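Letter by letter, the chains look like this.
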Amino acid sequence: MDTNETKRIIEINGIKLEVDLSTARRIDEFKVGDNIKVLQDAKNVHAGVIVDFVNFKELPTIQIAVFKQDYWGTKIDFINFNSLTDGIEIMPCSEHELKLEKCRVVDKFNVEIEKKQAEVDELTAKRDWFVKHFAKYFEPGQ
């Protein structure tokens, strides 16, 4: 095999690298509970956690919980990642990235919990007011 056939020049964000394909290998090992980065549609990188490996005979699948954040809060989506999945790539997440991401996600969840709790408190107060002031009009014999 010619050495020119085993070498490839790749460019990542303007940096050109020459990779010898005869020696270069990327092997990722994952287990349930691993924190990962999920690239969606070549533009959005999200934090994720491997939830399960489903060993289907025809289509082995990795189930991933993906944490998506925006100005309004955080939500969790689930992705089934297999050989038919388009527009998704995964890779391991380093420890320091994980700590920063975890704090941001927890903070967003706490803000959402506080908002929802305020809504519950308001609805409870409205219900109590209704029962106190109007329930007597709906009781039979009064």
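Above: the structure in question.
Rules and cut-offs
- The written sequence of each chain sets the order in which its residues are numbered from 1.
- Under the rules for a predicted model, residues below a pLDDT of 70 receive no local features and side-chain atom pairs below 80 are neither given nor counted, while totals for whole chains, interfaces and linings still include all residues.
- Values shown for side chains rest on all heavy atoms present in the structure; no hydrogens or waters enter the calculation.
- Helix and strand assignments follow DSSP, with helices taken as H or I runs no shorter than four residues and strands as E runs no shorter than two, numbered in order from the N terminus.
- Burial classes follow relative accessibility: with a 1.4 Å probe on protein chains only, a residue under 20% of its type's maximum area counts as buried, one over 50% as exposed, and anything between as partly exposed.
- Whether two residues are in contact is decided by their heavy atoms, any of which lying within 4.5 Å being enough.
- Each accessible area is a Shrake-Rupley result for a 1.4 Å probe, and residues are judged covered by the shown protein chains and nothing else.
- To qualify as a nonpolar core, a set must consist of buried Ala, Val, Leu, Ile, Met, Phe, Trp, Tyr and Cys residues joined through side-chain atoms within 4.5 Å.
- When a carboxyl oxygen of Asp or Glu is within 4 Å of a side-chain nitrogen of Lys or Arg, the pair counts as a salt bridge.

> Can you walk me through the overall build of the protein chain in this structure?
The secondary structure content of the protein chain amounts to two helices and seven strands. Counting all 142 residues of the protein chain, 19% fall into the buried class. Sequence separation of 24 or more characterises 35% of the internal contacts of the protein chain that already satisfy a separation of 6 or more. Summed over all atoms, the accessible surface of the protein chain reaches about 11700 Å², with 56% contributed by carbon and sulfur.

> Any chance you could explain the nonpolar core here in plain terms?
For soluble globular proteins, nonpolar side chains are generally found buried alongside one another. Within the largest apolar cluster, ten residues are counted, these being I36, V38, I50, I62, I64, V66, I79, F81, I88 and I90. For this core, the elements supplying multiple residues, two or more each, are β3 (35–40), β5 (61–70), β6 (73–81) and β7 (88–92). It is β5 that contributes the most residues to this core, three residues altogether. Sequence-distant contacts of V38, that is, excluding residues within four places in its chain, are made with N44, V45, H46, G48, I64, V66, I79, I88, E89 and I90. Residues A47, V49, A65 and V105 belong to the second largest nonpolar core, which totals five residues.

> Would you take a moment to explain the pattern of salt bridges for this structure?
Evaluated as defined, the whole model comprises five salt bridges. The residue R127 makes a salt bridge to D128 at a minimum N-O spacing of 3.0 Å. The partly exposed category is assigned to D128, whose relative accessible area is 38%. Among the charged side chains, a network of salt bridges with common partners joins K68, K75 and D77.

Honestly, it's all geometry; don't read function into it.
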